[in-house]
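Next come the chains, spelled out residue by residue.
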Amino acid sequence: IQSYGRENTTADDAAYLRALYGRESSERVKEAIVYALGSTGTEDNVNFLLAIAKNPSESSSLRASSLNRISRMNLSVDDLGKLYDASDSRTMRRSLVNALSNRQEPAAVTKLLEIVKLSTDPEIKASAIEVLIRKKDPEINKKLAALINP
């Protein structure tokens, strides 16, 4: 599993790992498969990892790992926002706030401000606020202040 993505890997190798994931019961092996598939940004691998991230029957740890790997790929901010909106666990939401924090697009700031405004989870709201403050942008700080002190 660890050699996948390093050299001479094929689409068949990826297909094998995706099939193995479905048969595997070990969390540790599944984690290794997620990591390996996340090392290449093929469309099939991205879709596979997205399916894991969205699947409530997967452990929150595997879902967060999938998100972590996806966030290192070229997933759009809009897609990250949709994943956040569909997430049902604090671990997933925290991972998505972290993924958004690494993005430079204005849409990422817009989504983080929306999270500050709408989140009912104080921990997630605090994480989004922290991310926005770290950007050290006076315009963002004004918008943030307006949300915090209406």
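Remember, predicted model here, so these are calculated numbers, not experimental data.

Here is what the cut-offs are and how they apply
Residues numbered from 1 in each chain as written. Predicted model: local features only at pLDDT ≥ 70, side-chain atom pairs only at ≥ 80, totals over all residues. Heavy atoms only, no water. Buried < 20%, exposed > 50% of the residue type's maximum accessible area, 1.4 Å probe, protein only. Helix = DSSP H or I, 4+ residues; strand = E, 2+ residues; numbered from the N terminus. Arc of directions from axis to C-beta. Contact = heavy atoms within 4.5 Å. Salt bridge = Lys/Arg side-chain N within 4 Å of Asp/Glu carboxyl O. Core = buried A, V, L, I, M, F, W, Y, C linked by side-chain atoms within 4.5 Å. Expected span 1.5 Å × (residues − 1).

Looking at this structure, I do not really get helix α5 (residues 77-86). What am I missing?
Three- or four-residue spacings in an α-helix give side chains the same orientation, since the helix completes a turn every 3.6 residues. Taken together, the buried positions of α5 are occupied by V77, L80, G81, L83 and Y84. End-on, the buried residues of α5 take up no more than an arc of 160°, which puts them together on one face. Residues of α5 that are exposed and point over 90 degrees away from its buried face: D85 and A86. The inward-facing, buried residues of α5 contact α3 (43-54), α4 (60-71), α6 (90-101), α7 (106-118) and α8 (122-134).

I keep staring at the pattern of salt bridges and nothing clicks. Help me out?
Charged atoms that come close allow side chains of opposite charge to pair. Throughout the structure, instances matching the rule amount to 10 salt bridges. When the shortest N-O distance is used, the salt bridge between E130 and R134 registers 3.0 Å. Of this pair, E130 and R134 are both found in helix α8, four residues apart, which corresponds to roughly one turn of the helix. Through salt bridges with shared partners, a single ionic network connects R90, R93, R94, D121 and E123.

I would appreciate a short explanation of the nonpolar core in the present structure.
Grouped burial of nonpolar side chains is what soluble globular proteins tend to show. With 41 residues, the main nonpolar core has Y21, L75, V97, L100, L112, I115 and L132 as its most contacted residues. Setting aside its immediate chain neighbours within four residues, Y21 contacts K30, I33, V34, F48, I52, E58 and L62.

What is the right way to look at α7 in this model?
End to end, α7 covers 18 Å across 13 residues, agreeing with the expected 18 Å (1.5 Å per residue, within 8%). Regarding α7, the residues found buried are A108, V109, K111, L112, L113, I115 and V116. At its buried positions, α7 is contacted by α5, α6, α8 and α9 (138-148).

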